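Analysis of the macromolecular model
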Amino acid sequence: MNGMTLSVAAAGIAAPGLPDWATACAVLRGAAPHVAAELPPSFSQLLPPNERRRAPPAVRLAFRAAEDALARWPLPAERLAAVFASSDADTGIIHRICQTLAHPAPQLSPTDFHNSVHNAAAGYWSIATAARGPSNTICAYDASFAAGLLEATLLAGGENLDTLLVVYDVPPPAPLYEKRPIALAASVALVLSARALPQALGRLRIARVARAQPSRMDDAALETLRLANPALRALPLLHLLARGAAGRATFEDAGHGALCVDVLP
Amino acid sequence: MNARHFEPPAITAFTATSALGRGLEAHARALREERSGLRRQAFEDCTLDTWIGAVDGLEIPLPPQWSAWDCRNHRLAELGLNQDGFVAAVERARARYGAQRVGVFIGTSTSGVRETERAYRELREDRLPDWFQHRTMQNTYAVADYVRRRLALCGPSAAISTACSSSAKVFAAAARALGAGLCDAAVVGGVDSLCLTTLYGFHALQLVARDVCRPADAERSGLSLGEAAAFLLLEREAGDARWRLEGYGESSDAHHMSAPDPEGRGAIAAMRAALARARIAPQEVDYINLHGTGTPANDLAEDRALCALFGRDVPCSSTKGWTGHTLGAAGALEAVLSLLALREGFLPRSLNTRRKDPRIEGAILMSTRHVPLRRVLSNSFGFGGSNCSLLLGARA
């Protein structure tokens, strides 16, 4: 693939100090300081009441960035294909299940079990938006953003489907945290389209290359964020999009290569 | 549906390891002899009274250089890779195209969570034991990473985890990557191993049968869990290769997290998309390998969908009476069984089905048939309403 060209129609984010795209835009442009505040609570507008009760924290976090992006997407959400990417999905549930299984004659919660699947967020999303099209759920450990972006690019560019990409991870509870120290909760969403859209945040050209150094954030606080959660590996691209600047963001992928994303002038 | 012409990738090597044995011959023999791999036995200290499809020989550790990766799921992956000359076939592709041009897409639902379960039993002062590694055991990507490193490949790589459709969806992801010219070949597959999470989890949802699983049977009472590793090599340049991935279709139910849409609308959409991509009519499909878990709801909904699209005459069966439901490995395992049916010219019967459910109207195979065939459709449906249908064909 020597480059597939796409529009980023919308972006969304939920991370400490970057609670939504509007705030993140100002911070990434340098117009406002990054204040490392906890994410204020929010409630999904899309999840039906039953699902809102059942959805675990990782799913709610995925919805948060996705709903933020969709606020600037004019077409019905049900027509979007979807790619969800996460390194660890809901480790809180894995923790509860493994705790229960450590005892004789365990009784698992049926809701915990169906929420434990890696594609729980995709399932809730499809139910909440009545989206019946293709949807994929990906894991590539710390490279989950790059792997998700690639799959979303292939759906949008190769199959001509406007595609929602959502990348998210939550901190594992102790004792798993020591083995997988994801320090903070964060989610990022992009809507990609093969069409040239007048309101787009930017046009991207995406190519896979052999190994290359990943882009970093100049700002130390933002660089710390980038490394603190696999979803925030997206920050160098969001930085270019927020500034409306042409440039290149490079991401390590899981296959010993890298994704080069050129934001076109 | 995309107007762009779909170039069907060639399937140039394939293998499977399941409760039926190691490699293609073991599977072909079991299918011929109508011998199930399911046994009424306990998995480790699981106290559920049920049947399982366990793979023998997983007590042998990985070689020392892979000790950080040593877990039941990777032992199963390793055993699977070593059958039918699969590693050698991948080495040929790597030599021909270069490691950067061979992708790896592996489906799994629980990866190495069996080791997390074990580690939690060894918690001391709220610390997990030193032997337990998250990245190389528990993480969902671990098995794809293991396969990638083991085969020394550097192409695009991901684990796909959409519950029981995971390793059907790897074909779609790989076909997209091949179609875009991102790689020239791709290893696709599914690896899922038995663990307490899925045994007790499906039990909590009242989906595990005490009896052996009996797909489409009037008295079916649920699924039997199994484990498997299945791998296939896809190549962009089909040449004169005999087997093709002629189409795939993906859809979402938008209905319920753990129950299928009773009308099977998502299943219809996935099957229809697979046919459309191959530009063929329903009557050009010779056999359908059903998702057919043996739960009352799945088998009925799938039958509704099937009859709506194909009518009542296309021969169909679930092979889960042989292997059990291998979850994230089921899509790739059943793709391999479908290729075996094409290669050997037989339609496997619905094993363990004694009396067909009168509400099921499709042509469930009550006995094995020997006929040449050209095209097989294989269905995989997962929690979260994730549907994927694969169309596999022999070169005309």
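Below is a short write-up of the structure.

Quick notes on the rules
Residues numbered from 1 in each chain as written. Chains lettered and ligands numbered in written order. Predicted model: local features only at pLDDT ≥ 70, side-chain atom pairs only at ≥ 80, totals over all residues. Helix = DSSP H or I, 4+ residues; strand = E, 2+ residues; numbered from the N terminus. Rg over C-alpha atoms; globule rule 2.2 N^0.38 Å. Buried ≥ 20, exposed ≤ 12 C-beta atoms within 10 Å, placed from the backbone. Contact = placed C-beta atoms within 7 Å. Nonpolar A, V, L, I, M, F, W, Y, C, P; charged D, E, K, R; others polar. Pairing = 2+ DSSP bridges.

The next point concerns the overall build of chain B. From N to C terminus, chain B includes twelve helices and 17 strands. Computed over C-alpha atoms, the radius of gyration of chain B comes to 20 Å, within 12% of the 21 Å expected from 2.2 N^0.38 for 396 residues, which places it in the range of a compact globule. The principal-axis extent of the C-alpha atoms belonging to chain B is close to 60 × 50 × 40 Å. Looking at chain B residue by residue over its 396 residues, the buried ones come to 68%. For chain B, the proportion of contacts with a sequence separation of at least 24, taken over those separated by at least 6, is 80%.

A few words on the interface of chain A and chain B. Interfaces are often described in size by the accessible area the parts lose on coming together. At the junction of the two partners, chain A supplies 59 residues and chain B supplies 61 residues. Of all the secondary structure elements, the ones that give two or more residues to the side of chain A that touches chain B are α4 (91-101), α5 (110-115), α6 (120-129), β3 (135-139), α7 (144-158), α8 (176-179) and β6 (202-210) of chain A. Here the element with the most residues in the side of chain A that touches chain B is α7 of chain A; it accounts for seven residues. Its residues assigned to classes, the side of chain A that touches chain B shows 31 nonpolar, 19 polar and nine charged.

All right, on to the pairing of strand β7 (residues 247-252) of chain A then. Residues and elements named next belong to chain A. Across six bridges, the pairing between β7 and strand β8 (residues 257-264) is antiparallel. Among the inter-strand pairings, Glu252 is bridged to a residue of β8, identified as Ala258. Hairpin connection of β7 to β8: four residues between the antiparallel strands, including His256 at a positive phi of 75°.

Residues and elements named next belong to chain B. Summarising burial for helix α2 (residues 72-81): nine of the ten residues are buried, a large majority. Along α2, the residues that are buried comprise Arg72, Asn73, His74, Arg75, Leu76, Ala77, Glu78, Gly80 and Leu81. Close packing links the buried residues of α2 with β1 (10-18), α3 (86-97), α4 (113-121), α6 (142-150), β7 (185-192) and β9 (228-235).

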